[in-house]
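Residue-level listing of the chains:
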Amino acid sequence: MSDPERLTRKIRAALAPCSLGQWPTPLEPVPPALARALGLEALWIKREDRSSPRYGGNKVRGLEFLLAGAPPGSVFVTVGGTGSTHCLATAVHAAALSCRAALAQFPQPETETSRAVAAACDARAALVVRAATRAGLPLAILAAWRGGARLGPRRWIPGGGAHPRAVVGHLLAALELGHQVSEPPEAIVAPLGSGGTVAGLLLGIAWLGWPTRVIAVRVAPRLVANRWRSVRLARRARRLLARAPRSPEVVNALGRGYGWPTVEGESARRLAAPHSLILDPTYGAKAFAFFLQRGTRNVQRALFWHTFAMPAPLPESVR
């Protein structure tokens, strides 16, 4: 195994990301009772939800690379659902750099979580343009792009932060595991949305030389969340590596559609909640429900990539 700390220093020196998060994020074992309830010998949680005191979640890693180098007053234009944590993270962390965010959003099913994230987006972003239907999203993107021009110099960020530079941030997350576990887990289970996190994990596991399986639980439509897109993102970022990534194992958990809770996901949420593990219905709950699929896996020692952070309650003055 190559030295992960040396590679991390090399990457940060070469790409000069800004500083938004607190690294490494914790790796915590779940209580034995929860592991037993899932039929596992051991389960660890990578707490990406604790990546930043401003607003955490997995998107912070990619934003360190995507927001880097922008002059103060820049406007970052991006897209996502009304409950998009990527949109919220972009708005929060852009403000930390004296920049602003203009968001184009498509409707997604209303849940307590999506409503809280949408309200936080309204409070933190300089501009939010919401399409009435998904078909209206292109016009919303155009309006956000034009509106952003009135606020300052613009920079486009792909939906979900799915860009090779952002993938590098998630690669660094995987490299952290080299010093956090005594031996590789059999599998890492993560939600598969825009694909950047899974792509980074694939690269990191390849660099560490681990036999670990990356199990990507699909929570978005196949057009967006698929094996090909994740591998393509990983390959576009692998110029920093000597080893090519493997493909993820993709498991479908979309259910009725993006953002719609599933029966299995809600069961996973209820099971995890007493153990201080808060799962969102769009991503985390559906991915964690993988562990409830008895007889469909051969995993005893696993690691769950916890990507979601609940926004802090808004002050009364901005509600």
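Higher on the page you've got the structure.
None of these values were measured; they are calculated from a predicted model.

1. A short note on unusual backbone geometry
Logical step 1: With an omega of 0°, the peptide bond running from W23 to P24 counts as cis.
Logical step 2: With respect to the helices and strands, P24 occurs in the loop between α1 (4–15) and β1 (27–29).
Logical step 3: The phi torsion at S98 lies on the positive side, around 60°, for a residue other than glycine.
Logical step 4: With relative accessibility at 52%, the residue S98 sits in the exposed group.

2. Focus: the nonpolar core
Logical step 1: I11 and W305 are the most contacted members of the largest nonpolar core, which has 50 residues in total.
Logical step 2: Looking at this core element by element, the count peaks at eight residues for helix α8 (residues 196–208).
Logical step 3: Contacts of W305, omitting those with residues within four sequence positions, involve K46, E48, A173, A174, L177, I188, V189, A190, P191, T197 and L201.
Logical step 4: Grouped together as the second largest cluster of nonpolar side chains are 26 residues, A35, L38, F288 and F291 included.

3. Concerning the sheet that holds strand β10 (residues 301–306)
Logical step 1: If you trace the six strands from one edge of the open sheet to the other, you get β1-β2-β10-β7-β8-β9, paired in mixed fashion. Pairing within the sheet leaves two strands with one partner each, and these edge strands are β1 and β9 (249–252). Taking each pair of neighbouring strands and ignoring which way they run, the sheet shows an average axis angle of 25°.
Logical step 2: Pairing between strand β7 (residues 187–192) and strand β8 (residues 213–218): six bridges, direction parallel. Directly across from L192, in β8, lies its bridge partner R218.
Logical step 3: Here α8 sits on the sheet in contact with β7, β8 and β10, set at roughly 155° to β7.

4. Re the packing of helix α7 (residues 164–176) against α8
Logical step 1: Between α7 and α8, the shortest axis-to-axis distance is 7 Å and the interhelical angle comes to 45°. Judged by the angle between their axes, α7 and α8 are oblique. Crossing of α7 over α8 shows right-handed handedness. Of the residues in α8, those touching α7 at V167, H170, L171, A174 and L175 are G196, T197, A199, G200, L201, L203, G204, I205, W207 and L208.

5. What about the packing of helix α3 (residues 59–66) against helix α4 (residues 85–96)?
The relative placement of two packed helices is expressed as an angle between their axes plus a distance between the axes.
Logical step 1: One way to put it is that α3 packs onto α4 with a least axis distance of 10 Å and a crossing angle of 50°. In this view, α3 runs oblique relative to α4, as classed from their interaxial angle. In this structure, the crossing between α3 and α4 has a hand that is right-handed. Only H86, A89, T90 and H93 of α4 make contact with α3, whose side of the interface consists of K59, V60 and L63.
Logical step 2: Split by residue class, the contact of α3 with α4 holds three nonpolar, three polar and one charged.

6. Re the sheet that holds strand β3 (residues 75–81)
Logical step 1: Taking strand neighbours across the sheet as the criterion, the four strands line up as β5-β4-β3-β6 in an open arrangement whose pairing is parallel. At either end of the open sheet lies a strand with only one pairing partner, and these are β5 (127–130) and β6 (154–156). On average, each strand axis in the sheet is tilted by 25° relative to the strand beside it, whichever way the strands run.
Logical step 2: In the sheet, β3 pairs with strand β4 (residues 100–106) via seven bridges, with the strands oriented parallel. Looking at β4, one finds that V77 is bridged to A102.

7. Here we look at the pairing of β7
Logical step 1: Burial within β7 is extensive, with six of its six residues counted as buried.
Logical step 2: Between the parallel pair β7 and β8, the chain is carried across by α8, and the sense of this crossover is right-handed.
Logical step 3: Of the strand pairs in this sheet, β7 and β10 are connected by three bridges, and their pairing is parallel. The residue bridging A187 from the neighbouring strand is A302, located in β10.

8. Re the state of the cysteines
Logical step 1: According to the stated counting rule, one finds zero disulfides in the structure shown.
Logical step 2: Sulfur of C87: no disulfide; nearest cysteine sulfur belongs to C121 and is 5.6 Å away.
Logical step 3: With a relative accessible area of 0%, C87 lands in the buried category.

9. Some points on the side chain of T82
Logical step 1: With respect to the helices and strands, the residue T82 is situated in the loop between β3 and α4.
Logical step 2: Of note is the side chain of T82, whose polar atom sits 3.4 Å from the backbone nitrogen of Q108.
Logical step 3: Not counting the four nearest positions on each side in its chain, T82 is found in contact with Q105, F106, P107, Q108, S114, V117, A118 and R130.

10. Quick notes on the packing of aromatic side chains
Logical step 1: Under the criterion given, the structure shown has six aromatic pairs.
Logical step 2: An angle of 70° between the planes, with centres 5.4 Å apart, marks the rings of F288 and F291 as edge-to-face.
Logical step 3: Note on F288: relative accessible area 0%, which makes it buried.
Logical step 4: For F291, a relative accessible area of 0% corresponds to the buried category.
Logical step 5: Ring centres 5.1 Å apart and planes at 85° place the aromatic pair F288 and F304 in the edge-to-face group. Residue F288 is located in helix α11 (residues 284–288), and its partner F304 is located in strand β10; the two are separated by 16 residues in the primary sequence.
Logical step 6: Counting every residue linked through ring pairs, the aromatic cluster contains F288, F290, F291 and F304.

Calculation rules
- Residues numbered from 1 in each chain as written.
- Predicted model: local features only at pLDDT ≥ 70, side-chain atom pairs only at ≥ 80, totals over all residues.
- Heavy atoms only, no water.
- Helix = DSSP H or I, 4+ residues; strand = E, 2+ residues; numbered from the N terminus.
- Buried < 20%, exposed > 50% of the residue type's maximum accessible area, 1.4 Å probe, protein only.
- Core = buried A, V, L, I, M, F, W, Y, C linked by side-chain atoms within 4.5 Å.
- Contact = heavy atoms within 4.5 Å.
- Pairing = 2+ DSSP bridges.
- Axes fitted to C-alpha atoms, helices over the stretch in contact; angles between N-to-C directions.
- Parallel < 35°, antiparallel > 145°, perpendicular 65-115°, else oblique.
- Left-handed = near helix turned anticlockwise from the far one by under 90°.
- Nonpolar A, V, L, I, M, F, W, Y, C, P; charged D, E, K, R; others polar.
- Right-handed = clockwise from strand over helix to strand, strands pointing away.
- Disulfide = S-S within 2.5 Å.
- Polar contact = N/O pair within 3.5 Å; in protein donor to acceptor, adjacent residues only side chain to side chain.
- Phe/Tyr/Trp six-rings, centres within 6.5 Å; stacked < 30°, edge-to-face > 60°.

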